[in-house]
Every structure is written in structure tokens, then in C-alpha cells.
Amino acid sequence: MHVQVGIIGAGPAGLMLARLLHLRGISSIVLESRNRAYVETRLRAGLLEQGSVDLINETGMGERMQREWMVHNGTEYVAGGERYRVDMWDLINRRVYIYGQQEVVKDMIAVNLAAGVPIIFEAEAREIGGLDGDKPFIRYRANGVEETIVCDFIGGCDGFHGICREAIPKAIRKDYDRVYPFGWLGILADAAPTSHELIYCQNEERGFALFTMRSPKVSRCYLQVPPDESEENWSDDRIWDELGKRLGKHEGLTLSTGKITQKSVTPMRSFVSEPMRHGRLFIAGDSAHIVPPTGAKGMNLAISDVYVLAKAMTAHYERGETELFDHYTETCLRRVWGAQHFSWWITSMMHNLPDENPFDRKRQLAELRAVLGSRAGQTLLAENYAGLPIEM
Ligand code: APR
Ligand code: PHB
């Protein structure tokens, strides 16, 4: 079987790539190791930048999103017991949108399938090869049978644990990595959001907490916990009690509680691998980089990478140009490193480090006050949070 582009992974990166290529008349096939229900219900982050929302809309995948999203003109912060609001709309004329990643994935799958783009679920890519030649291949297993796809290019959109990054020879690859000494306990609850905007809290004694949401009736909240913490140690009462303490008491703000329907602990890591291209393999999204969730950049970076990739593939098929392929790594990584810096910065400012000395704790609070207490500081925060330009 031959297609122009073989895509591994049906996350936001793989599905957006398939859609962009289809709209340019370039054929692709998407292989996904999990089943459809699994990828459509996998709970992940849920914040979209304007650039991501625009691309989802322009590619005809935003119809339900525009009905169900929650539009946020500003974000709240609590630091040193004080409450701040960063009004992105006022500061930079931009905003962000809450719409769960699994909802994005559901919509992308539906639109791709309706357009006739093949997505094969429960098809695990086992091997890729021929990357240096002009006919790379993907060997995969589906229904107990080994199959091979021969293509012109491979889109490695297979997430952090996929096989594509590993196919780039170690000798030419450089990985940049930082593991944080804490994780996030995330919960989903049948409770109206505590505020209509997200609240990021830094509590000097107890650590970080985030209050976000999925709908007017469903809250999503996170607590900083030790990285090896088990969710088993956290009863519903303990979670609400801790969220309340980290939020603190503020006039007109009451912690909204309800039945917790899901809880899990996620480790926190920053990671970048370069190059993102090897011959005819291009990696994108979590396959190439991951960010701690504090900056809410993961899904947005996956989408911007494949925008750059689809543009390069279009230039190749429509005009025979290959220059954009040569710039793929550099173009993507410029934005990725911007998001890496922001994610690290906001993570470092908002979390308590286990071995931090009292000086660092005070310095951290002073930094938060400097950023949140000035228009210049808030503008820098807002520009990064609302999203750097797709092509910088
Ligand atoms: N064969 C086929 N599919 C695979 C293979 C394989 N060998 N290995 C992994 N996959 C699939 C995974 O099951 C997953 O559905 O690749 C997909 C990768 O999707 P994501 O992990 O969602 O990655 P990406 O599309 O880059 O989106 C990044 O996801 O993890 C979050 O925070 C992250 O929001 C960010 C987003
Ligand atoms: C989420 O809604 O899950 C979310 C929002 C913002 C973040 C992280 C997670 O920074």
C-alpha cells in the first residue's frame, strides 16, 4: 500500500496534520495503537490559544468547539495571600479558550473520517525505516497481522513514548531534559467552577493549586504533590480541604465542591529533542518535546508544529520546493523554546521546591509580586500565556 504521508499517532498533532494535508490534496493514513474510544476519552489539558482555535476553525473542525468552548479574557492568580487578575484582552487584545483535548480529538477524528481520510485504530507501528531513501516504510500490526505502508514521508506524531524519535540516530540527536521534583494531582468534579476564570495559586506554606474547568458544571483542579505520590492517599475530603487551604480566603470567592469523578497524578517534565527531522521522517508534538502543564502549551505546540510541517509538504508537492523541509527543525524549535522558557518560568514561580531555603521562598514571592503587580510584568505573562506567533 502506498500513500504520500504515513502518520503515526491520532493525537492533536497527527489528526491536524492529516486534515491540513487532505485540504491540500495530499493523501495520508493515520495509524493509532489505541482504540477510538480510548483516544476520545483520554483526559488531558484543555486550554487553546487563539492561533490553535483559528486553525481548528479554518480547517472546518471547530463547529462544536464554538458552541461549547469557554472564552477567557483574563486569568486570576493568588500569591502571598493576595488576588490578582491578568486581563489579557485589555493588555494585548487576545484571549484563550477552554475546550478539553479529548473533545478536540473527537472533532478531528469525526471530520477526518467524514472526509475519507483513513484512520486505523488498534494499529501499532512497530518499525519505521528507509528514512534516508525516497520511499520510507512503516511496519505495523493490526488485528494480529503485520502490514507495511510505503510512503513519501513519515509524520512522527506518536507522543512521548512513541517509536519515531528513537528512529533518529543517537549520534545526531540531542535531548534536553529537566524533571521537576513534584507532580500534579488532577481531579475532575461535578462542581461548578470556583470562579468563571482560571485561578493559579501559589501558597507559601502548602504549594501550588490550579482551579480550571471543563463546563459550567464541571471543575478540573490540580494540586502540587510529591512526584511519586499515589492518588490513593487522597480522599475526596482531603482534596477539597487542601484546595481550600491553598486558595485561601478572599472576599466574594467561595470554593465550589462536588463529587470527584476522576483523580490521577502526573509527573512534570520539560523535554526537547533535536533535530525534529531525519531524512524523510518529521517528528511533531509530544514526540519531540514536552512541557510541564503549568503553561498549558502541550496541545498548542503539537498544533503549531504540524502547521509548519504541512506548509513544507505543500511547498514540496505543489512547487517542488524543499527549502521549508530544511528549516523545519529550526522553525518549530524557535517557538518550542519560547514555550519551554515560559512553562519553566511559570512553573518555577508557582511551585514550592522541596529543598528550597527561606531566602528562595521570599525571592519567589517578590518575583510574583513584581510580575503580577505591574502592567509591564502582566503584559509579558499575557503575551506568552495567550501564545507566541505560530511562525516567529
Ligand atoms: N503506533 C501507533 N500509534 C502510537 C504509537 C505507535 N507505535 N505510539 C504512540 N501512538 C499514539 C498514542 O496512542 C497517542 O494516541 O500516538 C498518539 C500521540 O498523541 P498525543 O500523546 O496526544 O501527542 P500529540 O498529538 O503530540 O499531542 C500533544 O498531548 O500529551 C498531551 O500534553 C500533551 O497536550 C499535549 C498533546
Ligand atoms: C486544564 O484546563 O486542564 C488546564 C488549564 C490550564 C493549565 C493546565 C491545565 O495551565
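The following paragraphs examine the structure supplied in this document. (Residues numbered from 1 in each chain as written. Chains lettered and ligands numbered in written order. Predicted model: local features only at pLDDT ≥ 70, side-chain atom pairs only at ≥ 80, totals over all residues. Heavy atoms only, no water.)

Attention shifts here to the environment of G81. With respect to the secondary-structure elements, G81 resides in the loop between β5 (74–79) and β6 (82–87). A C-alpha to C-alpha distance of 27 Å links G81 and N233, two positions 152 residues apart in sequence. (Helix = DSSP H or I, 4+ residues; strand = E, 2+ residues; numbered from the N terminus.)

Further remarks concern the pattern of salt bridges. Tallying each qualifying case throughout the model produces 33 salt bridges. The partner of R206 in a salt bridge is E242, and the shortest N-O contact between them spans 2.9 Å. One end of the pair, R206, is in the loop between β13 (199–203) and β14 (207–215); the other, E242, is in helix α7 (residues 236–247), and 36 residues separate them in sequence. According to the relative accessible area criterion, E242 is buried, its value standing at 8%. Between E367 and R363 there is a salt bridge, with the nearest N and O atoms lying 3.6 Å from each other. One end of the pair is E367 and the other is R363, both in helix α11 (residues 358–372) and 4 residues apart, which spans about a single turn. (Salt bridge = Lys/Arg side-chain N within 4 Å of Asp/Glu carboxyl O. Buried < 20%, exposed > 50% of the residue type's maximum accessible area, 1.4 Å probe, protein only.)

The strand order β3-β7-β4 describes an open sheet built from 3 strands, whose pairing is antiparallel. A single partner strand is all that each edge strand has here, and the edge strands are β3 (47–48) and β4 (70–72). Examined bridge by bridge, β4 and strand β7 (residues 96–98) share 3 bridges and lie antiparallel to one another. Across the sheet, the residue bridging to V71 is Y97, located in β7. (Pairing = 2+ DSSP bridges.)

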